[in-house]
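# Results of the structural survey
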Amino acid sequence: MRSTIRHATAADAARIRTLQAELTEPAPTLLDAALTQVDTANSVAATTTDDTSPAIGESFGLFVSVNDADLAVGYLLAVTGEPTHIAELVVEPAYRREGRAKALLATMLEQYSHPITVHVAVDNTAARSLYEAVGFQEQARSDDQFDDTTGLTLRYPSED
């Protein structure tokens with residue numbers, strides 16, 4: 001199955017908010033800021049037809065994985081900068097194990113300059129496996145990233 005990845009649009013906002021509920025520690029304020037930026041960017045660039053160009057702006061990258069009906073079933077939210085940081089990545093449970101998270105990551109890695117970081121819970125083996133499979137490596141451990149567990153900061157590409 002080939003996963004279709006595109007930039008989020010204002011029409012995806014309600015669906016993305018529903019998907020965010022799947023996260024253990026969501027950041028609704030951050031997502032709201034990204035969706036506001038998406039709405040503004042879509043209004044200004046309504047004639048753009050390239051769904052994968054980084055046209056959303058300088059602050060956030062918000063990509064969605066869509067099903068055959070063009071309904072968002074997963075998303076990746078990145079805060080762009082130096083480094084770019086993956087803030088949230090989630091796929092609806094019914095669509096997991098189809099390569100959607102990896103496709104979201106691959107699209108983001110193609111679009112943004114490196115380095116890229118992400119924080120994951122040390123006990124979230126699925127997330128750690130996903131990030132390590134595409135080349136992220138552990139950079140640091142911290143007890144203050146998550147409420148109930150130790151966090152890991154992973155980095156792509158790894159520092160030599």
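Just above sits the structure.
Presented here is a report on the structure given in the accompanying data block. Everything numeric here is computed off the predicted structure, so don't read it as measured data.

Cut-offs used in this document
Residues numbered from 1 in each chain as written. Predicted model: local features only at pLDDT ≥ 70, side-chain atom pairs only at ≥ 80, totals over all residues. Heavy atoms only, no water. Phe/Tyr/Trp six-rings, centres within 6.5 Å; stacked < 30°, edge-to-face > 60°. Helix = DSSP H or I, 4+ residues; strand = E, 2+ residues; numbered from the N terminus. Buried < 20%, exposed > 50% of the residue type's maximum accessible area, 1.4 Å probe, protein only. Arc of directions from axis to C-beta. Contact = heavy atoms within 4.5 Å. Core = buried A, V, L, I, M, F, W, Y, C linked by side-chain atoms within 4.5 Å. Salt bridge = Lys/Arg side-chain N within 4 Å of Asp/Glu carboxyl O.

### Some details on the packing of aromatic side chains
- Here the structure, examined in full by the defined rule, presents three aromatic pairs.
- Geometrically, the ring pair formed by Phe63 and Tyr112 is edge-to-face, given 6.2 Å between the ring centres and 75° between the ring planes. With a gap of 49 residues between them, Phe63 in strand S2 (residues 60-66) and Tyr112 in the loop between helix H3 (100-111) and strand S5 (116-121) connect regions that are remote in the sequence.
- Centroid distance Phe136 to Tyr156: 5.4 Å. Interplanar angle 40°. Geometry classified as tilted. Residue Phe136 is located in the loop between helix H4 (125-133) and strand S6 (137-142), and its partner Tyr156 is located in strand S7 (residues 151-156); the two are separated by 20 residues in the primary sequence.
- Ring pairs connect the aromatic residues Tyr131, Phe136 and Tyr156, which therefore count as one cluster.

### Looking at H4
- If you check which residues of H4 are buried, you get Ala127, Leu130 and Tyr131. Along the axis of H4, the buried positions cluster into a sector of 90°, meaning they face one direction only. In H4, the exposed positions angled more than 90 degrees off the buried face are occupied by Thr125 and Ala133.
- Of the surrounding elements, those touching the buried residues of H4 are strand S4 (84-91), H3, S5 and S7.
- One or two residues past the end of H4 sits Gly135, with phi positive at roughly 110°.

### Considering the nonpolar core
- Core analysis: the largest hydrophobic core is formed by 23 residues, its most contacted members being Leu76, Ile86, Leu89, Leu105, Met108, Tyr131 and Phe136.
- Those elements that provide at least two residues to this core are strand S3 (72-79), S4, H3, S5, H4 and S7.
- Broken down by element, this core gets its largest block of residues, six residues, from H3.
- The contact partners of Ile86, leaving out residues within four places of it in the chain, are Leu76, Leu77, Ala78, Leu105, Met108, Ile116, Thr117, Val118, Tyr131 and Phe136.
- By size, the runner-up hydrophobic cluster in this structure holds 17 residues, among which are Ala8, Ala13, Val38 and Leu62.

### Overview of the pattern of salt bridges
- Tallied over the entire structure, the rule returns seven salt bridges.
- The partner of Arg6 in a salt bridge is Asp70, with the nearest N and O atoms 3.1 Å apart. In this pair, Arg6 sits in strand S1 (residues 4-7) while Asp70 sits in the loop between S2 and S3, placing the two residues 64 residues apart along the sequence.
- Salt bridges sharing partners connect three or more residues here, namely Arg6, Asp12 and Asp70.

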